Amino acid sequence: MSAVNFKIAEQELQNIIDLYEGRKHPQTREIQKLTRGKLYEFFVLGEVLKELRHRGYRISLQGTVLTLKQGPGKIKLSDTHFIAHSPRTEAKFRICTDIEVKTLGSTLNPSSGLCSYHEIDIVVVDYNATGRPSYDQLALGVECKSTDKFTKSLLKEALGIKREISLLASEETSVLAREVGASTPKVPSRPPLEYWVAFCDPNGLQYQQSPRTFGIVFKHWQP
């Protein structure tokens, strides 16, 4: 197992702050207070922003200072977050962290209980989504696993959440791909949202084959 260099993760977070705030804003003390898991989440956020830019999206920061959110909750438009703009269709998406998403099950069987939503570490959602977004407002969900050992329990968790936000279906061009005029990736789910699991332990790659059937993509992103 390769060592995880969280100094690199700290630098990646600082790079995000510097790039999108448009000025040097050293939050070193605040960054150093972050837990290992939270720091990895922001490292992965940086990778997600890079991927969206690579696909053709323009990324902007909504707000002035990037807030390092510490716990799960709802989308609040007053919270600092990112916006992904499609130059082709003018579609926009919000990119937020630690958001509770309403499940497919709670929509089909109306419920206001604790089973009606699940937290997803990073979400890309419809621009008009607020509060707890519905599963069909989700374009991309990303789970971040900073643990040194990727276990089957993490796989089962990912499979469970994916089932809670979409149904297995014929492959279709993903929401994010469609808005920039791309034909890939295609995902075997309805709605055609993308769902990634980002992790540090390279041994996690041995679990990726079967989940691909359900449209779960494994990302070995290691600081």
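Residues numbered from 1 in each chain as written. Predicted model: local features only at pLDDT ≥ 70, side-chain atom pairs only at ≥ 80, totals over all residues. Heavy atoms only, no water.

Visitor: Describe the environment of Gly215, naming the residues involved and giving the relevant values.
Guide: Position of Gly215 among the secondary structure elements: in the loop between helix H7 (209–212) and strand S9 (216–220). For Gly215, a relative accessible area of 7% corresponds to the buried category. Sequence spacing of Gly215 and Leu159 is 56 residues, and the spatial spacing of their C-alpha atoms is 9.7 Å. The residues contacting Gly215, other than those within four sequence positions of it, are Lys162, Pro188 and Tyr195. (Helix = DSSP H or I, 4+ residues; strand = E, 2+ residues; numbered from the N terminus. Buried < 20%, exposed > 50% of the residue type's maximum accessible area, 1.4 Å probe, protein only. Contact = heavy atoms within 4.5 Å.)

Visitor: Go over the environment of Asp79 with me, naming the residues and quoting the values.
Guide: If you trace the backbone, Asp79 turns up in the loop between strand S1 (58–62) and strand S2 (81–85). Asp79 sits 17 residues away from Gln62 along the chain, and the two C-alpha atoms are 8.2 Å apart.

Visitor: So what's going on with the confidence of the model for the protein chain? Which residues, and what values?
Guide: The pLDDT averaged across the protein chain works out to 88; a share of 89% of its residues lies at or above 70. The least confident element of the protein chain is helix H2 (residues 28–32), whose mean pLDDT is 61; the most confident is strand S8 (residues 194–199), at 98. (pLDDT = per-residue confidence, 0-100.)

Visitor: Would you mind going over the side chain of Ser86 in detail, with residue names and values included?
Guide: With respect to the element layout, Ser86 can be found in the loop between S2 and strand S3 (92–102). Contacts of Ser86, omitting those with residues within four sequence positions, involve Tyr57, Ala91, Glu179 and Val180.

Visitor: Report on the sheet that holds S1, specifying residues and quantitative values.
Guide: Reading across from one edge, S1-S2-S3-S4-S5-S8-S9 is the order of the seven strands in this open sheet, with mixed pairing throughout. The open sheet is flanked by S1 and S9, the only strands paired with a single partner. Averaged over neighbouring strand pairs, the angle between their axes works out to 30 degrees when direction is ignored. Sheet topology places S2 next to S3; four bridges connect them, and they run antiparallel. Paired with Phe82 across the bridge in S3 is Ile95. (Pairing = 2+ DSSP bridges. Axes fitted to C-alpha atoms, helices over the stretch in contact; angles between N-to-C directions.)

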